[in-house]
Amino acid sequence: MKRYLLFAFLTIFSVFSFGQITTVGIIGTGTPGGWDTDTDMVQDAADTSLWTLNMDLTDGVVKFRANDDWAINWGAIEFPSGIGTQDGPDIPVFGGNYDITFNSGTGEYNFHVNSDIGIIGDATPGGWDEDTNMYQDQGDPNKFFVPITLTVGAAKFRKDDDWAVNWGASDFPMGIGTQDGPDIPIDKAGDYMVTLDTMSGEYNFEELITYETIGIIGDATPGGWDTDTDMDQDGNDPNKWTVLIELTDGSAKFRANDDWVFDWGGTGFPTDTAELKGPDIPVTAGMYFVTFNTETLIYNFEEVGIYQTVGLIGDATPGGWTDDIDMMRDEADSSLWHLRTILTDGEAKFRADDDWVVNWGAGDFPSGIAVRDGANIPVTAGEYIIDFHSITGVYNFKEIIVFDTIGIIGTGTEFANWDDDVFMTKDPADEFRFFINPVNLVDGEIKFRANADWAVNWGDPAWPSGVGTQDGPNILCVAGTWNASLRTDTGEYLFADPTSSVEEILDPSDIKVFPNPTQGELNIELSALEITGMVNVRVMDMSGRLAYNLYTNAMENISIDLSDLPNGNYFLQITNDDYLIGKRFNIAR
């Protein structure tokens, strides 16, 4: 995490250096303008990095951005205060009136809610001197709530930061407060979601429990009843935990933090809703992909089959609903399958061993998570490279577009304009690779585009290599003579010194990346190449944003931990003095 934050900071610095910030606004579903219109903040006269605003928000998400444009924007997952990062996640907000402050130099922000109702006491952060304001429920003006960290002590509710109207009672964690009632005893420190109904006086302190780990334990597991097998937390849903595990006949339970304080069990197998302190789960031997949701308590043991073949079938395929098109098994991951084929408008499914006993589908296209006996996948006509993982169900249909011409255009070319392309050559051995050796550039800005038209173009501010995205920012080029190449399937580009030995790897099979999809740990096998010295391992998301960066000594196998990254498609880039290697992979939990 520290490494990720460091490079996020460096990314912010490099982006901010490209232009002056003249305005900062707040935008998102929680604002009056939605995602279409910024609500501008007021710049402080003494500190030009400080911006303030009073505004009404609704339940939703927001971000800060500069100059009414997405080139510079800030987000984070923390609320009501935190530190925004460039291209960070949307900030979740509750409805209410807020005094908002934001620092464009540090990314620090704070949403101070203005509310008639607060909680006060020596158990609260403000003690008996300062109320912690509560948020008003958007559906009921009499109901208020606030997530809060409490210590052992006492608390009361009151109106308008004054004792004229207050509520108290002797019951905890729930009760009915009365005017001038006794202090509410908080007998357990912790994080709570506190609710109050000012009409009835009803209140509730619901403890918010954070699980550091969730594991599966029992005589059916490799660790028996002594050692948990830790599960992986989903990057997009913190309540969802998964693990691929081989089990024997016996029993098992789920538990939190390697301790019996919180454990769950049930009577059903392979799926059921668990109970806290419930019975041992009866388990039948096999290899399973196990999921457990700590919010709904639903668990599922999905047996992992060893399939001879996995194929694509449906009226969108050449074989219709009669004949499967067999996919190719991945060399590094026996559960990952690939296929390149031409499809028509229609529907399709994946199935194992040319039989309907085991089949997968879902209603999403071009990517999704297929489930057993799921819905048919709606398909749009085109030529695709299809990836499917028979354990996780993750699939992706990537459309193949082969362009006639690719050109470099912009003020950095010999034409010094945005009208005339410098055309590249299509590699006769690789229809997705275009190159020009050499090309003369001047200091300026450039982009790649297809067929001398702006309908398809690639850009990214990184130099001399990066991952261009559709309608991405201009590439900030440096004057000189360069060997240039672009892969139209990935957007990866490279400008190399003609006198150097740097070359792009044309055959992706020269390196192996596994498991793919990964749940967090990604292994990179470079044994087929003679790489020495230091290498730079970078991971970019599909927007071209740097998500991971590592410098390490070259070795046959490199393992990197990407457990902090959310689910999705990513691009791996490895560079040293001799090579630039690129490969796609997927994170799915």
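Here we summarise the structure given alongside this text. (Residues numbered from 1 in each chain as written. Predicted model: local features only at pLDDT ≥ 70, side-chain atom pairs only at ≥ 80, totals over all residues. Heavy atoms only, no water.)

Considering all chains together, one arrives at 50 aromatic pairs under this definition. Seen in terms of ring centroids, Phe-79 and Phe-111 are 5.5 Å apart; in terms of plane orientation they differ by 50 degrees. Their pairing is tilted. With Phe-79 in the loop between strand E6 (73-75) and strand E7 (81-83) and Phe-111 in strand E11 (residues 108-114), this pair connects stretches of sequence that are 32 residues apart. Judged by centre distance (5.9 Å) and plane angle (85 degrees), the rings of Tyr-299 and Phe-301 are edge-to-face. Here the two residues Tyr-299 and Phe-301 agree in accessibility, since each one is buried. Through a chain of ring-to-ring contacts, the aromatic side chains of Phe-64, Trp-74, Phe-79, Phe-94, Tyr-98, Phe-102, Tyr-109, Phe-111, Tyr-135 and Phe-145 assemble into a single cluster. (Phe/Tyr/Trp six-rings, centres within 6.5 Å; stacked < 30°, edge-to-face > 60°. Helix = DSSP H or I, 4+ residues; strand = E, 2+ residues; numbered from the N terminus. Buried < 20%, exposed > 50% of the residue type's maximum accessible area, 1.4 Å probe, protein only.)

Let us now look at the sheet that holds strand E18 (residues 174-176). Strand pairing in a sheet is mediated by backbone hydrogen bonds. Such pairs are either parallel or antiparallel. Spatially, E14-E15-E21-E22-E18 is the arrangement adopted by the five strands of the open sheet, whose pairing is antiparallel. Two strands in the sheet have a free side with no partner beyond their single neighbour: strand E14 (135-136) and E18. (Pairing = 2+ DSSP bridges.)

Moving on to the pattern of salt bridges. Working definition: two side chains of opposite charge can pair if their charged atoms are close together. Applying the stated criterion across every chain, the model contains 15 salt bridges. Two residues, Arg-340 and Glu-383, come together in a salt bridge whose shortest N-O distance is 3.0 Å. Within this pair, whereas Arg-340 is found in strand E37 (residues 336-343), its partner Glu-383 is found in strand E43 (residues 382-389), the two being separated by 43 residues in sequence. Of the residues examined, Arg-340 reaches a relative accessible area of 41% and is grouped as partly exposed. A salt bridge links Arg-340 to Glu-431; its shortest N-O distance comes to 2.6 Å. Separated by 91 residues along the polypeptide, Arg-340 in strand E37 and Glu-431 in the loop between strand E47 (425-426) and strand E48 (433-441) bring together distant segments of the chain. One network of salt bridges, in which partners are shared, links Lys-253, Asp-263 and Lys-277. (Salt bridge = Lys/Arg side-chain N within 4 Å of Asp/Glu carboxyl O.)

Among the five residues of strand E45 (residues 406-410), five are classified as buried, and the element is accordingly described as predominantly covered. By the alternation rule, side chains of E45 split into Ile-406, Ile-408 and Gly-410 and Gly-407 and Ile-409, which are all buried. Across three bridges, E45 lies against strand E46 (residues 417-423) in antiparallel orientation. In the strand pairing of E46, Ile-408 is matched with Val-422. Taking the residues that link successive antiparallel strands as the turn, the E45-E46 hairpin has six residues, and the phi of Ala-416 there is positive, at about 55 degrees.

Residues Asp-323, Asp-326, Asp-353, Asp-354 and Asp-355 make up a contiguous surface patch of negative charge. Assignment of secondary structure puts Asp-323 in the loop between strand E34 (310-313) and strand E35 (325-326). Here Asp-323 falls in the partly exposed class, since its relative accessible area comes to 47%. (Patch = residues over 30% accessible without salt bridge, like charges linked within 9 Å, V, L, I, M, F, W, Y side chains within 5 Å. Areas by Shrake-Rupley, 256 points an atom, 1.4 Å probe, with all protein chains shown as cover. Lys, Arg positive; Asp, Glu negative; His and termini not counted. Charge placed at Lys NZ, Arg CZ, Asp CG, Glu CD.)

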